[in-house]
Amino acid sequence: MTRNLLVIGSATPRMMDQFSKMFTVHFAEQGRTLAPALAGKADQIVAVSTYGDRGIGRDLIAALPNLEIISSYGVGYDGIDVQAAIDRGIMVTHTPNVLNADVANTAIMLMLAVSRRLVVDDAYVRAGRWAREGAAPLRRSIEGKKVGILGLGRIGETIAEKLQVFDCEVVYHSRNPKPEVSYEYYGNLVMMAGDCDYLVVVTPGGSATRKLVGREVIEALGPEGTLINIARGTVVDEAELVAALQDGRLGAAGLDVFENEPHVPEALFAMENVVLTPHVGSATEETRRAMGDLVVENIVRFFNEGKAVTPVPECRGM
Ligand code: 8YV
């Protein structure tokens, strides 16, 4: 008898090819409840494939009495009720490391795009303004600037390493200092923001970091400062961010993530000092393929060998 797998959201054709070799595949539109069509099959589902930010909640976990593994596409797993899974002995896996380089590249791409006003200058050329009005205004360099990284995990460290090429001075804030790194540690986020040209948000989402970057941090970064967020929209107080950009209390922002995706505050659309991307940090063919392969490998190894490849930290002992 083949096992049953529930895909929440969608899976790539390559993932589907692999899944269908091993499983009967079902789809659930929502992460929170079970579609009525699936109600009769709930007890047959042993594996779930989902996304970190879409996740799976306690109710749906409870509706799947024989679930053994939740394999998530992405490093962040704030949308998954991990405690509900652990309470039932369900393994939760994610896809760390394979996306470090591209997510770090996205952060640096946003730093450069904001500072050099790439989008504005591109529009300037396309509108024929270069020929009519002459050279575009001078922009700001990222060379040698001080960059504060909020959350020095694997992606944060990759950003820090890559920024060495730009001679940036990297400092960081996280819950605890990391003795193995040489970057200066700030125990106080507001103080770090006050000392930096750029604040790069890389810390995981979830209740522990909700609105961690609020008014005080934003104002400390100040009119000459730039906020880059490639983590989760929930980490930044978005209303405060928009207001600070409008009033000139914050200099600029490069944002890949938002509080209520795919909805983005329209006030940002008209701002030339802001670059917006639609949550594409890991969205390259190469990285997404590696992430998909790891989602599948976690499930396959779990059922074949009893051990997943990349459990979330809370499930490492299982
Ligand atoms: C998502 C991400 O997984 O890894 C993460 O935490 O946010 C992304 O890579 C991607 O949006 C999948 O939808």
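Here, the structure is the one placed above.
Quick caveat: nothing in here was measured; it's all calculated off a predicted structure.

*Asks:* How should the overall build of the protein be read in this particular structure?
*Replies:* A count of helices and strands for the protein gives 11 helices and 12 strands. Taking 20 Å as the expected radius of gyration for a compact globule of 318 residues, we find that the protein reaches 21 Å, a close match to that expectation. Overall, the protein is about 70 × 50 × 35 Å in size when its C-alpha atoms are taken along their principal axes. A total of 318 residues make up the protein; the buried ones form 50% of that total. In the protein, of all internal contacts separated by at least 6 residues, the share reaching a separation of at least 24 is 60%. As displayed, the protein has an accessible area near 15,200 Å², and 51% of this comes from carbon and sulfur atoms.

*Asks:* Whenever I open this one, the state of the cysteines confuses me. Can you help?
*Replies:* In a disulfide, the sulfur atoms of two cysteines are held together by a covalent bond. Scanning all chains against the criterion turns up zero disulfides. Of all cysteine sulfurs in the structure, the one in Cys 196 sits closest to Cys 168, which takes part in no disulfide; the separation is 10 Å.

*Asks:* What should I look at first to understand the side chain of Arg 249 in this one?
*Replies:* Here Arg 249 lies in the loop between helix H10 (238-247) and strand S11 (252-255). One polar contact links Arg 249 to Glu 219, side chain to side chain, over a distance of 2.7 Å. Ignoring any residue separated from it by four or fewer positions in sequence, one finds Arg 249 in contact with Arg 215, Ile 218, Glu 219, Gly 222, Pro 223, Ala 243 and Ala 244.

*Asks:* Any chance you could explain the site of the ligand here in plain terms?
*Replies:* If you check the shell around the ligand, you find Tyr 51, Tyr 73, Gly 74, Val 75, Gly 76, Leu 99, Arg 232, His 279, Ser 282, Arg 288 and Met 291 and nothing else. Here an oxygen atom of the ligand sits 2.7 Å away from a polar atom, N or O, in the side chain of His 279. For the ligand, whose unbound accessible area comes to 320 Å², protein coverage reaches 88%. Here the shell around the ligand is composed, by residue class, of five nonpolar, four polar and two charged.

*Asks:* Explanation requested: the sheet that holds S11 in the structure shown.
*Replies:* The strands making up a sheet associate through hydrogen bonds between their backbones, and the pairing can be parallel or antiparallel. Spatially, the seven strands line up as an open sheet ordered S8-S7-S6-S9-S10-S11-S12, and their pairing is parallel. Edge positions in the open sheet fall to strand S8 (184-185) and strand S12 (274-276), since each of these has one partner strand only. This element, helix H4 (residues 100-115), spans strand S6 (146-150), strand S9 (198-201), strand S10 (226-229), S11 and S12 of the sheet and lies at about 145° to S11.

*Asks:* Where do I start with the nonpolar core in this structure?
*Replies:* Where a protein is soluble and globular, its nonpolar side chains tend to be buried together. By size, the foremost hydrophobic cluster in this structure holds 70 residues, and its most contacted members are Phe 19, Ile 56, Leu 64, Ile 70, Ile 149, Ile 159 and Leu 163. Sort the elements by how many residues they give to this core and H4 lands first, with eight residues. Residues lining this core come from more than one domain, with at least three contributed by each of domain 1 (3-96 + 286-315) and domain 2 (100-276). For Phe 19, the contacting residues outside a window of four places in its chain are Leu 5, Val 7, Ala 11, Val 25, Ser 49, Val 295, Val 296 and Ile 299. Residues Tyr 186, Val 235, Val 242 and Leu 268 belong to the second largest nonpolar core, which totals 28 residues.

*Asks:* How should the sheet that holds strand S5 (residues 91-93) be read in this particular structure?
*Replies:* Reading across from one edge, S2-S1-S3-S4-S5 is the order of the five strands in this open sheet, with parallel pairing throughout. Two strands lie at the open edges of the sheet, namely strand S2 (23-28) and S5, each paired on one side alone. If you compare each strand with its neighbour and ignore which way they point, the axes differ by 20° on average. As judged from the four bridges shared by strand S1 (residues 3-8) and strand S3 (residues 45-51), these two strands associate in the parallel manner. Opposite Asn 4, over in S3, you have Ile 45 as the bridge partner. Set on the sheet, helix H11 (residues 285-305) makes contact with S1, S2, S3, strand S4 (69-73) and S5; between it and S4 the angle comes to about 170°.

*Asks:* Mind showing me how you'd approach the pairing of S10 here?
*Replies:* Side chains on a regular strand alternate between the two faces of the sheet. On S10, burial covers both faces: Thr 226 and Ile 228 on one face and Leu 227 and Asn 229 on the other are all buried. For S9 and S10, the ladder comprises four bridges, and the chain directions are parallel. Within S10, the residue paired with Val 201 across the bridge is Asn 229. Summarising the sheet, S10 and S11 pair through four bridges and their orientation is parallel.

*Asks:* Quick question: what am I supposed to make of the layout of surface pockets here?
*Replies:* If you add up the space inside the second largest pocket, you get close to 230 Å³. Of the residues contributing to the lining of the second largest pocket, the split by class is four nonpolar, five polar and five charged.

Parameters at a glance
Residues numbered from 1 in each chain as written. Predicted model: local features only at pLDDT ≥ 70, side-chain atom pairs only at ≥ 80, totals over all residues. Heavy atoms only, no water. Helix = DSSP H or I, 4+ residues; strand = E, 2+ residues; numbered from the N terminus. Rg over C-alpha atoms; globule rule 2.2 N^0.38 Å. Buried < 20%, exposed > 50% of the residue type's maximum accessible area, 1.4 Å probe, protein only. Contact = heavy atoms within 4.5 Å. Areas by Shrake-Rupley, 256 points an atom, 1.4 Å probe, with all protein chains shown as cover. Disulfide = S-S within 2.5 Å. Polar contact = N/O pair within 3.5 Å; in protein donor to acceptor, adjacent residues only side chain to side chain. Near = heavy atom within 4 Å. Nonpolar A, V, L, I, M, F, W, Y, C, P; charged D, E, K, R; others polar. Pairing = 2+ DSSP bridges. Axes fitted to C-alpha atoms, helices over the stretch in contact; angles between N-to-C directions. Core = buried A, V, L, I, M, F, W, Y, C linked by side-chain atoms within 4.5 Å. Domains from an automatic or database assignment. 1 Å grid on protein atoms, 1.4 Å probe; cavity = no way out; pocket = protein on both sides within 12 Å on 5 of 7 lines; lining within 4 Å. Points joined across faces, edges and corners; volume = space filled by probe spheres on them.

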